[in-house]
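Breakdown of the fold
Chain by chain, the residues:
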Amino acid sequence: VVQLNTNSRIQFDYEGEVRAVYLHQGEAHFTVAKNPDRPFEVYAGTGLVRAIGTAFSVTLNDNSDEINVVVTEGVVEIAPEITPQIAREIVRGIAPEAITPVIGPQTAMVDTMPSGAQVLTDKPANKYQRVSAGSAAVFDRDEVRAIEKIEKAEMLQLLAWQQGLLIFSGDPLEEVVAEISRYTDTKIIIKSEDARALRIGGQFKVADTRAIFSALEKGFGLKADYATNNLVYLSYDKNKNST
């Protein structure tokens, strides 16, 4: 079962010996049926997330190859830079040095290099790292930057989009606006540095942008000016709101 967040796109390939999914953009949460004979693999950017039976979400960050993984059930394995062909051969027990390179996983195609070419040998099978339930990982094509346990409240915040909610706990307004902007065609411009650094907390419904602006005005002293129906300026008078 797959739940797609807004502005997200995936591609499936179930014809081979594994269940392969290619996350081209955005975020998806997967609940995977157990099948040891057919691993479930998610390719995002240059990285791989592999599971047999578990539940987890994968986010491919915009404008970068950074990947975020949150595991809600079971265990997954992650690898910073790997292609579908290399992953298949590792499953079969063939040494990575013997595999010819292929193009990146985003294309879901194989492009064989001239005979005798070899893959980089610094990405062997033992570079896979495990992430267990209740943990999150951040990695890119170069390295796994962090694997850490996360509190239940943070887990709920990270996965709140599945219930159509946005939850913030002291996040800068700039980050809040970036997240809200994923769910609306309205362009939101922050007019002042004081507003940009303002810390926001609360729970909002993603489908009601005007209600979010109203809550920001009432609870945090912001002012939302509609230049047009699809353009809003957010401002904050620090001195006025401190009196």
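Numbering of residues begins from 1 in every chain and follows the order in which that chain's sequence is written. Note on the predicted model: pLDDT of at least 70 is required for a residue's local features to be given, and 80 or more for side-chain atom pairs to be given and counted; whole-chain, interface and lining totals, by contrast, use all residues. Hydrogens and water molecules were not included; the side-chain quantities draw on all heavy atoms of the structure.

1. Let's talk about the overall build of the protein
Numbering goes from the N terminus for both helices and strands, where a helix is a DSSP run of H or I of at least four residues and a strand is a run of E of at least two. Along the protein, the regular secondary structure elements total six helices and 16 strands. Relative accessibility under 20% of the residue-type maximum defines a buried residue, over 50% an exposed one, and the middle range a partly exposed one, all with a 1.4 Å probe and only protein chains included. Taking all 243 residues of the protein together, the buried fraction comes to 44%. By sequence separation, contacts in the protein at least 24 residues apart represent 50% of the contacts at least 6 residues apart. We call two residues contacting when some pair of their heavy atoms lies within 4.5 Å.

2. Digging into the pairing of strand β5 (residues 47-51)
Burial within β5 is extensive, with five of its five residues counted as buried. Judged by which residues are buried, β5 turns out to be covered on both faces: Gly47, Val49 and Ala51 on one side and Leu48 and Arg50 on the other are all buried. Direction of pairing for strand β4 (residues 40-44) relative to β5: antiparallel, over a ladder of five bridges. Among the inter-strand pairings, Ala44 is bridged to a residue of β5, identified as Gly47. If DSSP finds at least two bridges between two strands, the strands pair. Hairpin connection of β4 to β5: two residues between the antiparallel strands, including Gly45 at a positive phi of 60°.

3. Quick notes on the sheet that holds strand β16 (residues 231-235)
Judged by pairing direction, the sheet is mixed, and its three strands sit side by side in the order β13-β16-β15 without closing on themselves. Looking along the sheet, the strands with just one partner apiece sit at the ends: β13 (187-190) and β15 (223-228). In this sheet, adjacent strand axes meet at a mean angle of 25° when their direction is disregarded. Inspection of the sheet shows β15 paired to β16 by five bridges, in the antiparallel sense. In the sheet register, Thr228 faces β16, and the bridge partner there is Leu231. Set on the sheet, helix α3 (residues 173-180) makes contact with β13 and β16; between it and β13 the angle comes to about 175°. The strands touched by helix α5 (residues 209-220) within the sheet are β13, β15 and β16, with β15 carrying the most contacts at an inclination of about 145°. Here an axis means a line fitted to C-alpha atoms, over the contact stretch when the element is a helix, while the angle between two N-to-C directions is reported on a 0 to 180 degree scale.

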